[in-house]
Each structure stands twice: as structure tokens, then as C-alpha cells.
Amino acid sequence: MKYDPQIIEARWQAYWAKHGTFNVEDNPSQPKYYCLEMFPYPSGRIHMGHVRNYTIGDVLARFHRMNGFNVLHPMGWDAFGLPAENTAIEQNIHPVEWTQTNITSMRTQLKRIGLSYDWTREIATCNPSYYKWNQWIFLKMYQRGLAYKKRSPVNWCESCKTVLANEQVINNLCWRCSSEVFPKELDQWFFKITAYAEELLSSCDSLTGWPQRVLAMQRHWIGKSEGIEVDFKVVDASPNLQPIRIFTTRPDTIFGATFISVAPESPLVDLLIKGKNNEQEIREFVTRISRQDRSTRTETSSEKEGLFTGCYAKNPLTGDAIPIWIANFVLYEYGTGAIMAVPAHDQRDFEFAQQYKLPIRLVIQNPSGTLDPDNLTEAYTQEEGYLVNSNNFSTLPVKEGKSRITRWIEEKEHGTKIIHYRLRDWGVSRQRYWGTPIPMIICKNCGLLPVPEQDLPVVLPLDVPFTGKGGSPLEDIAEFSHITCPNCGNQATRESDTMDTFVDSSWYFLRYTSPHQQDLPVNPTASDRWMAVDQYIGGIEHAVLHLLYARFFTKVLRDLGLITVSEPFANLLTQGMVCKETYHCPKHGFILPSDATDTHHCTHCASTVSVGRIEKMSKSKKNIIDPEALISRYGADTARLFSLFAAPPEKDLEWSDDGVEGAARFLNRVWRLVSEYSEVLKSLDPNFVQDMVNEMPQASRNLRRQVHHRICKVTQDIKREFQFNTAISAIMELVNILYAFGFPITTTIKKNSKTLGVMKEAINALIMLLSPFTPHIAEEMWAALGNDSHVLHSSWPQYDPTLLQEEPLTIILQVNGKTRGKLEGISHDWTKEQVVEKARKEPKMDSWLQGKTTRKVIYVEHRLVNFVI
RNA sequence: GCGAGAGUGGCGGAAUAGGCAGACGCGCAAGAUUUAGGAUCUUGUGGGGAACCGUGAGGGUUCGAGUCCCUCCUCUCGCACCA
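Cut-offs applied
Residues numbered from 1 in each chain as written. Chains lettered and ligands numbered in written order. Predicted model: local features only at pLDDT ≥ 70, side-chain atom pairs only at ≥ 80, totals over all residues. Heavy atoms only, no water. Helix = DSSP H or I, 4+ residues; strand = E, 2+ residues; numbered from the N terminus. Contact = heavy atoms within 4.5 Å. Areas by Shrake-Rupley, 256 points an atom, 1.4 Å probe, with all protein chains shown as cover. Buried < 20%, exposed > 50% of the residue type's maximum accessible area, 1.4 Å probe, protein only. Pairing = 2+ DSSP bridges. Axes fitted to C-alpha atoms, helices over the stretch in contact; angles between N-to-C directions. Polar contact = N/O pair within 3.5 Å; in protein donor to acceptor, adjacent residues only side chain to side chain. Salt bridge = Lys/Arg side-chain N within 4 Å of Asp/Glu carboxyl O. Parallel < 35°, antiparallel > 145°, perpendicular 65-115°, else oblique. Left-handed = near helix turned anticlockwise from the far one by under 90°. Nonpolar A, V, L, I, M, F, W, Y, C, P; charged D, E, K, R; others polar. Expected span 1.5 Å × (residues − 1). Arc of directions from axis to C-beta. Core = buried A, V, L, I, M, F, W, Y, C linked by side-chain atoms within 4.5 Å. Phe/Tyr/Trp six-rings, centres within 6.5 Å; stacked < 30°, edge-to-face > 60°. Lys NZ or Arg CZ within 6 Å of the ring centre and 35° of its normal.

### Some details on the overall build of chain A
Per the secondary structure count, chain A includes 28 helices and 33 strands. Dimensions of chain A, computed from C-alpha atoms along their principal axes, come out at roughly 110 × 85 × 65 Å. Taking all contacts inside chain A whose residues are at least 6 apart in sequence as the whole, residues at least 24 apart take part in 72%. Summed over all atoms, the accessible surface of chain A reaches about 39000 Å², with 50% contributed by carbon and sulfur.

Dropping the structure here:
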């Protein structure tokens, strides 16, 4: 019978669905394994990146099930977000309807891949039963001062008509739509993630199962820097003018501060220049700089620009009056928005000083003493050397100078030690409809009030006009907006902002452990049982955003007493992107691969198509392969096999149509082999082979050894580093071996029950090894062999170590490290003397060794003999 | 500039712990089968006539280096005037 994946896969998928095969029952006698892939946004269609991501997870889930783990493997929908709302505006389809339709079709697509999810735990974040708990968590955070509202400049994306968190602004562009982001002043809700900055940073060390680069990105994002804040008094200031506070990590260089630079946006500017005769000029400068887009302004190479304010400040260490400048490169958002400028020891200050002819004062001499204070060509920024020009601190090494000056500053109350973080609070307000309503009430009498817990959820109203004019659509819905104040009973209004959708994904992994819990977001017992996630799998693009927020929420919920874990994800695998070359038609622009002929002509206009470089599959470049088309042509097993075999999971995968053909060919090859043997093996007792290990012919014995060798290899490759590609190649080797041994089947084999016994063991092992990767064909072949049970309920095959010990060894013979021959068929128990003796007698070695004195013999057990002559 | 990673056949990629470089697959070639094609099966396939040479380049350590150390080059990703 021909291998027909469509029929086979439909059969098993129906079976799994009918029997709820993958529904998890908590079984405390088994060790738990929580396997989680990042849930998708329901855009409508699965793409190849999803297939790869979920297949990796599915292999791990199935592998652990067969290895006796109680496996939790859930799936759900990150269902709030802008695309739904934009579709509503453009096509007049309600986000609820659009989202539900998309979920339905994507669920079907996922099921078509044969993924082993417990669908009874499915969640969609847009359901009130889910987002109610976003609101509940918000209220708890509000109570604890972890959620607060403040007016602040925010990142505004004009195209998305909403605010973005700092993490969501990439190179001054919106992370989603890549249009430019502008600053805007708005009242905003924030989560106080900075309260957890230190823990988020320090517990990075405990995340040993995370890729180093993700941890590096997290650490950098948090950006801890230890330093000191120092006040510089303004000379001749009006009494209400506060000193200028600066932040520095180099107190050892304060003696070298020859001017002050203030950020153009700083409110200080206004106070300093008021009434000055060049006030107008400065204002124009400030306006011009703040209009510049940030990406050009914050380039290291961009020109240093500044203006003198006309004011002076007193350097607390030198007592000198130093000029106060406004400088384009000083960031208002970082530190105090003002810096002391030490041109001798900071490259930016150096360039600035050169440009405006400001004094440069060397205060750190390098260890060899070669720095010439009058002829510096660049700043000396290393923290090695000793202090000079620093009064009684001179001659101190940098490190000591730092601590002594810090102490002096603190004693004289000029400043205090402080730790600064780059991380800032998470702005969660969004002026959009399709998200979780923030459960707050604004009352003219009582001010800001939380919605009483018993009134949750605050449900999103469905009858809303989608105009796309900007601003929050909820604001205009009287039935939603108008409310009686729970405190004073007067008319009040609801908060019309909704939450950033990253809130939804910050705790969904907890909800999966008890998705139907009524009174709490998560059942503490369930979360104790299942958390932390043993393996989390997703794209590197979430290295900062989602993963940082999820870690933050986990710590908050722990401190609320709801859960006991401190970190949500014990192990993280960031899979590579799926890539393919692009096709470009001179008339039609980028075209789909299927619209280019084999000879590179456009199917629409017959123009010659140019083939572009290999890059990430994307809609805009149209270099995409539709999983559904792929599966309907080759079946899910082939799609799975190829995406696992073509590259190791963490590396980018280069799509290859020929490679897919190869995967399909391999499954056909397996199918033919098993079909050839299924009838004769059906009646054979599977334990038969165990009884006659010692009396089997050499060839069968060798075969057994090969089989067990591959079981060992596949098992280790999956466990160690998720080397699915090499695991699959070991299975391919096994198939090649079985073909060489007995395909097609001969009458000799048919008549020899011992050989058949070995073959049955081999084919059983083959099917089981294959089953996590290509589950449908595995089940089908398993059944064809007459098994009543299912592969997925079988135990993962065990290898017999004594068999591996029996494997005849090949010893490499070297002379001076160069391979000159080999000894075959050496057994494991040979001693060094025996092996060397035999090596000397090897005819091939004669010409190399004859007449030479062997100075040394290197023997590596089971591997090689090296004669040093 | 800083941080992380990577450079191996025509291609995707293998190579525990420093020990046969190129597993497995693709592609290609030859043969078998077939009316033919496709499919399938078998064999071969780093370079070189050879001795030999070959893992981005150059040094080093070692009996022995794709693997370890140093210098450099190229590429990818992330961050970037962070005081």
C-alpha cells in the first residue's frame, strides 16, 4: 500500500481529538514537565515560523511523555491587539468577530500539524474570563503602589494612534509598524517595574537554562550603574534656583569637570536663561534640537552642538566657577538630565570642549605617566592610573580616589551615592479599544478610585463605532464611560485607556495550570505543581519585551502570595528564523516563490525574475511558503521532519524545496521498509529476541548492535542541546542499515525466526524513535505491525550498554600524528600492549616504522596508537 | 564603539572530552529496473596525475588542532552620545 499522509494523518488526528489523548491529568507519582511555546497572535493564518516553533515543542512534549513524565503542553491565543482594531476600521468587521474567526481557523491549522496540545486548557486573552484577572492583578498592584498614574512625556506612534512603552520603540521607530515615534505629554498608567530592577538583574544569574545572549540583553536593558549624585551650586543664582544635580560614575574625575552640560529638554534651561539677553537665541536652539528626530540626534557620530547659558556653577571640589552649557547629546531621560563635563576623561565632553574651546583639565594620569596635559588628542577614559591635579587626592590610584572622593562628597553633603538603572517604569496605558479596560474610576469629588473587586470584570462594550480618528474609542461610549462613583454616589467616569497587550502575555503561562479557576487568576496548588515552565520556546524578538515583563509579573504575583516561584521559565530556547531567497519581478515587484517558474520567469508576465538574497520569510518580501499548501501536498509529518532536520533549532533555517522532497522521500522509504515486513512480523512475539541473544548469527548480532547504538544516539541528541537534526540523521542511518540488511526481504530471512526477531526489535525501535518527530506515520506503522497499544503510550526504547561494549573497534594508527593505517575489529578488552603489538605487525606500518627508533608511543584507549619517531 | 554568535565540499549541515574532517540530507554522476519518463534500488561523489593538500588568514601550544591560546579579516544579530 502506498504511503498516503492525508488519509493517515486525518485518521490519527481524529483519534487523538476523540479520545482527548493529550489532556493532562495531574499525576503526582510522575515527574512533571511543563512544555510551552509562545502563544500566537491570531492573525488568521499559521506561518512557517509557527510550524517550526510548535514542532520543536511538540517533539519535546512527546519525548518526555514517552519517558514517563506528566507533561503539560497547552496552547492559546494572544488575542488582544491592534490588527483586529485596524481591520475593524478598514473593513468594518468587529474585532470580536474577526478574532474569533481567526482563532477558529488557526486552531484547525494547528490541529492539522498534529501537535499534542491539551485543548481543554485553551485560553484567549480577549475573553472576559481571562482579562478579568488582568484587572484583578492591576488592582492588587494599585493597592501596593505598583500601578500609578502620572503625566509624562510618552512615545506616541501616530500611525498606531497610541502610546508605546520604551521597550517597544526600536531606533525611534514603532516596534510594530516601523513608523516614527514622537514625544507627547499624556496622563498615563505605569507599572513600577523599577521596584524590581535589582531582583530582575541579580536573578539573571540563576537562569542557567537561558541563552547567554538573552541574559546579556536583559542585563543591558536593566542597565545598572553605580555612581554618585553631586550638587553644583549655581553662582549668583536667584534664591529659588536649586543647585544643578548631576550623576556620575566617575567621582574620581570631578576635579576635571570644567563645565556643566544640560539637556535641552531640561526644565533647568528655562530657569537659567530667563531674562538673559540671548534668551531668544537659546530658545530657538532648544526648539531646533528637540525637533530633531532622535535617531540622528543620538548617533555617536553626529556633531556635538551646544550653547552657553551665561550662567556659572561652582565645582564643589575645585571651587572654580565653571560655565553651564546646553548640549545636544545630553539625554533628559537618563540620570538627572545634566552632567558634569570632564573633557580629559570623557570622549563626548572632549569633542564638545574642542569644538567650543573649553578648558581641558587632566586629572587622571595613565600608569606609565605618558599623558601630556597640554596635548591630548582624545579623552583618557580607562580606569587605570592615578589622580593628578586633585589637591590632596593626587597620587591616589583611580579606584581609591573614587572611594575617597565619594566619602568626602558625602561628608560635606555635596551629594550622595546612588544606583541608577536604565530601566524605567512600564507605561501600560493605550488609547485603543481592543484591550483590557483599566479598572479605574475618576470622580470629581473622590479623585481616582479603583473599581471594587466584586464589580470585575469591567467588560469591553461591544457596540462601539470604529472611526480611526484617534484617541480612545471607549471615551465616547456613554454607557461605558458614565458611572456612579462607588464612594460618593455622584456621576463619575471610567478610565478609558486599555492595557498594553504585553500585560496579557505576562502571566498566561500561570493561567494554563488552572485555566478554569473561578476565584483567582491561578490556583496556588496547580501552579506549585506545574511551575516553573521546564522548557519555553519562542523567538529571539521577545528577548527583552515579553520575557522581562513575564519575569516581573511572576515576582509581583509571588509577592502577592499567589505563587511560590520567582522565575517563570527555567529553560529557554530561542529558535532561529525561517528564511528563504526572495523573488523580484520588474513589473510586479516581490512575488511569491510559487509565482516564479523553475527558469525564473514571472508566471504573470513572463519577465525574468531576479533572485534576491536569503532572508527571513515575510509578507512584505513575499518569500513565504504557506504551511497549509505544504501540508496538503506532503503531509504534516514531512513538514515537521524537514523543519527539524534542516538546521539545529536555535539557528536560522534556510528553506529548501529539494530538502522537503528529501524528507518526504525518507518517510516513503521507511514506509516501504515497514510494509515489506509488517505481515511476517505481525505474529512474532516481540520479546522473542531477548531469549536468543546468545545463539543468533553474527550478522543479526551486528544488526542488533547497530540498532542499540542508534537508540543511544537519538536519545542523547534530543536530551542534550535539542540536536534534532543529528537525531534524525541517526534514524536515517538506521534505515540505511536495515535496507542493506534485508530489503527487499529474502526467503532466507523469512525462514529464520531469529533474524526476524531482531528485525522486529529493530523496526519497533525505529518507529518509536521516529514518533516524536513524525507521530502520524509512526502510529500507522505501529498499528500495521499488529500492536494494540499506541506508540505515544509506549516507553521510549532503552539501549543495552553491554551491546555497545561489544562493538568492534577501529584503532587509528598514526606516525608522528599523521594517519598511516588502521586496525579493524579490535574488541573493547584489549590492553595497550596487545594493541601496540598488533599495530607494529601491521604490514602497512612497516614502511613507516622500519629502521626508525620509536621515541614514544601514544595510546588513546579505544581510539588510536601514535608512534613518535 | 560595546556585547553575543558564526566562518568547514557545489549547497543545508556533522564531528562527546584535543584523536579517521566532511556523518545525514540535497545536488550531481554511473549502473539496475522500466516501452519511455517519473518513482525505486545499488554504487560513487572535498581538491590533486601523484607524493600530498585541505575547516576565513597568520602565528603558537601539543605526539596530534575544525576544536585550546594570541593577532587579524569577514559576516550576522543585539545595543549604542547611558554620564
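So much for the structure itself; the text now carries on.
### Examining the pairing of strand S26 (residues 578-585)
Among the eight residues of S26, seven are classified as buried, and the element is accordingly described as predominantly covered. The pairing of S26 with strand S29 (residues 653-654) spans two bridges and is parallel. When the sheet's bridge partners are listed, Val578 is paired in S29 with Leu653. With five bridges connecting them, S26 and strand S28 (residues 610-616) associate as antiparallel partners. Considered in S28, the bridge of His584 is made with Ser610. Taken together, S26 and the strand that follows it, strand S27 (residues 589-591), pair antiparallel across an intervening segment of three residues.

### Topic: the sheet that holds strand S21 (residues 482-484)
Overall, antiparallel pairing links the four strands, which are arranged S20-S19-S22-S21 in an open sheet. Two strands in the sheet have a free side with no partner beyond their single neighbour: strand S20 (447-450) and S21. Sheet twist, expressed as the average angle between the axes of neighbouring strands with direction ignored, equals 40 degrees.

### Details of the sheet that holds strand S33 (residues 864-868)
The strand order across the open sheet formed by four strands is S31-S30-S33-S32, and the pairing between neighbours is mixed. Of all strands in the sheet, those with a lone pairing partner are strand S31 (818-826) and strand S32 (856-860), marking the two edges. Averaged over all neighbouring strand pairs, the angle between strand axes comes to 15 degrees, with direction disregarded. The sheet contact formed by strand S30 (residues 809-815) and S31 spans six bridges and is antiparallel. Residue Val815 lies in a different strand from S31, and its bridge partner there is Lys818.

### Topic: the side chain of His828
Here His828 shows up in the loop between S31 and helix H27 (832-841). In contact with His828, not counting residues within four places along its chain, are Leu804, Gln805, Glu806, Glu807, Leu809 and His862.

### Notes on the environment of Ser203
Along the chain, Ser203 falls in the loop between helix H6 (197-202) and helix H7 (212-222). In this structure, the C-alpha to C-alpha distance between Ser203 and Ser566, residues 363 residues apart in sequence, is 8.8 Å. What Ser203 contacts, discounting residues up to four positions off in sequence, is Arg551, Lys555 and Glu567. Within the local environment of Ser203, its side chain forms a polar contact with the side chain of Lys555, the two groups lying 3.2 Å apart. Of note is the side chain of Ser203, whose polar atom sits 3.0 Å from the side chain of Glu567.

### Quick notes on the pattern of salt bridges
Scanning all chains against the criterion turns up 41 salt bridges. One salt bridge connects Glu400 with Arg404, and the closest N-O pair in it is separated by 3.3 Å. Residue Glu400 and its partner Arg404 are located together in helix H12 (residues 398-411), separated by four residues, close to a single helical turn. For Arg404, a relative accessible area of 32% gives the class partly exposed. Linked through salt bridges whose partners overlap, the residues forming this network are Glu199, Arg551, Lys555, Arg558, Asp559 and Glu567.

### Observations concerning the side chain of Asp252
Looking at the element boundaries, Asp252 is found in the loop between strand S9 (244-248) and strand S10 (259-262). A polar side-chain atom of Asp252 sits 2.8 Å from a polar atom in the side chain of Arg250.

### A look at unusual backbone geometry
Here the bond from Leu456 into Pro457 is cis, since omega is 0 degrees, no more than 30 degrees from zero. Within the secondary structure, Pro457 sits in the loop between S20 and helix H13 (478-481). Going from Phe743 to Pro744, the amide bond is cis rather than trans, its omega being -5 degrees. Within the secondary structure, Pro744 is located in the loop between helix H22 (724-742) and helix H23 (747-751). Positive phi is not limited to glycine here, since Glu413 has a value of about 55 degrees. Checked against the element boundaries, Glu413 lands in the loop between H12 and strand S16 (415-421). Here Glu413 falls in the exposed class, since its relative accessible area comes to 71%. Residue Lys622 is not a glycine yet carries a positive backbone phi of 60 degrees. Note that Lys622 resides in the loop between S28 and helix H17 (627-634). Under the relative-accessibility criterion, Lys622 is labelled partly exposed at 36%.

### Some points on the packing of helix H21 (residues 698-719) against helix H24 (residues 753-770)
Where H21 contacts H24, the two axes come as close as 10 Å, and the packing angle between them is 15 degrees. Here H21 lies roughly parallel to H24, going by the angle between them. Between H21 and H24 lies a crossing whose hand is left-handed. Note on element contacts: H24 touches H21 through Thr755, Val758, Met759, Glu761, Ala762, Ala765 and Leu769, opposite Ser700, Leu703, Arg704, Val707, His708, Arg710, Ile711 and Val714. Among the residues making up the contact of H21 with H24, the classes are represented as nine nonpolar, three polar and three charged.

### Some details on the pairing of strand S12 (residues 321-327)
In terms of burial, S12 is largely enclosed, as six of its seven residues are buried. Where strand S11 (residues 306-314) lies against S12, six bridges are found, and the strand directions are antiparallel. The residue of S12 that forms the bridge with Ala313 is Ile322. Counted between consecutive antiparallel strands, the loop separating S11 from S12 contains six residues, among which Gly319 sits at a positive phi close to 80 degrees.

### Side note on H12
An α-helix turns once every 3.6 residues. As a result, residues three or four positions apart point the same way. The end-to-end C-alpha distance of H12 is 20 Å, a good match for the 20 Å that 14 residues give at a rise of 1.5 Å each. Restricting attention to buried positions, one finds in H12 the residues Val398, Gly401, Ile405, Thr406 and Ile409. What you see down the axis of H12 is that its buried residues fit within an arc of 130 degrees, all on one side. Seen from the open side of H12, the exposed residues pointing more than 90 degrees away from its buried face are Lys399 and Glu411.

### Some points on the nonpolar core
One broad trend across soluble globular proteins is that nonpolar side chains are buried collectively. With 187 residues, the main nonpolar core has Leu110, Phe191, Trp426, Tyr508, Phe509, Phe552 and Trp655 as its most contacted residues. Residue contacts for Phe191: discarding those within four places in its chain leaves Phe138, Met141, Leu146, Ala147, Asp425, Trp426, Val428, Val503, Phe552 and Phe553. Core analysis: the second largest hydrophobic core is formed by 46 residues, Val234, Ile289, Leu362 and Ile409 among them.

### Observations regarding the packing of aromatic side chains
Describing an aromatic ring pair means giving the distance of the ring centres and the angle of the ring planes. Summed over all chains, the structure comprises 41 aromatic pairs. Ring pairing ties together the aromatic residues Phe138, Tyr142, Trp189, Phe191, Tyr196, Trp426, Phe502, Tyr549, Phe552 and Phe553, which thus form one cluster. Here the guanidinium or amino end of Arg529 rests over the ring plane of Trp530, the centre of that ring lying 5.2 Å away. Directly above the aromatic system of Tyr739 lies the positively charged group of Arg669, at a separation of 3.9 Å from the ring centroid.

Honestly, that's just the spatial picture; any functional story needs more than this.
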